[in-house]
Amino acid sequence: MLGIIPHTIDQYLRTRVPPEARAGILGRAGFPDGQTFRLDTEYDDEACCALVDAIAAETGTTTEAVFDEISAFFLDWAERTFSGFFKVAPDTRGFLLLQPEIHSSLACGLRTSGQRKVADKFRVEALPDGVRMHYRSSNRLGYFYCALARCLAARRGEVAEISFLDGDVGSAAAIIEVRLKPALAA
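Parameters at a glance
- Residues numbered from 1 in each chain as written.
- Predicted model: local features only at pLDDT ≥ 70, side-chain atom pairs only at ≥ 80, totals over all residues.
- Heavy atoms only, no water.
- Helix = DSSP H or I, 4+ residues; strand = E, 2+ residues; numbered from the N terminus.
- Buried < 20%, exposed > 50% of the residue type's maximum accessible area, 1.4 Å probe, protein only.
- Contact = heavy atoms within 4.5 Å.
- Axes fitted to C-alpha atoms, helices over the stretch in contact; angles between N-to-C directions.
- Parallel < 35°, antiparallel > 145°, perpendicular 65-115°, else oblique.
- Left-handed = near helix turned anticlockwise from the far one by under 90°.
- Nonpolar A, V, L, I, M, F, W, Y, C, P; charged D, E, K, R; others polar.

1. Overview of the environment of G142
Piece 1. When you line up the elements, G142 lands in helix α9 (residues 142–155).
Piece 2. The class for G142 is buried, based on a relative accessible area of 2%.
Piece 3. For G142 and D168, which are 26 residues apart along the polypeptide, the C-alpha to C-alpha distance reads 7.5 Å.
Piece 4. Excluding residues within four positions of it along the chain, G142 makes contact with Y135 and V169.

Encoded structure:
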């Protein structure tokens, strides 16, 4: 997994929970107390997914609820850190169409096998009112993609209606349609 996700999850923890709770979550997920996560490092998919599961277990909520919260935190951070990606896409559809290129550019520091894995993760097709995303990843983070799409759409005055044409939120491969409409028309 590209380091951006575990890095963001850790930053979320550092701002939302006391240090002892963070240490407990890291331990539950199999990481040492002093673990740090770098943007330019590839991490084991299962271990990083265990981090989200540990947050859900420690907070008594679902992994979906954790991803919903992390998506808002992630977008806040990403809009500050990678503002250029957001400026070139004035609407949600445009941004979602850029996802393969954004992921590939962020993965350029990984080993060749890691770059290929990231490049193969997304294939996107434009629809008149949204996108059709072909998602393939062993980390099974389709729900996180959906949470990010919904959160971004809401920030841009839109509503994202998401459906799975193939697979589901926990699938290693899925076809996800994101249909967008103005929030007032929802």
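2. With respect to the packing of helix α4 (residues 63–81) against α9
Piece 1. Packing of α4 against α9 brings their axes to within 8 Å, and their N-to-C directions diverge by 55 degrees. Of the possible angle classes, the one that applies to α4 and α9 is oblique. The hand of the α4/α9 crossing is right-handed. For the pair α4 and α9, contact is made by E64, F67, D68, I70, S71, A72, F74, L75, D76 and E79 and by Y143, F144, A147, L148, R150, C151, L152 and R155, respectively.
Piece 2. A breakdown of the residues in the contact of α4 with α9 according to their chemical character gives 11 nonpolar, 1 polar and 6 charged.

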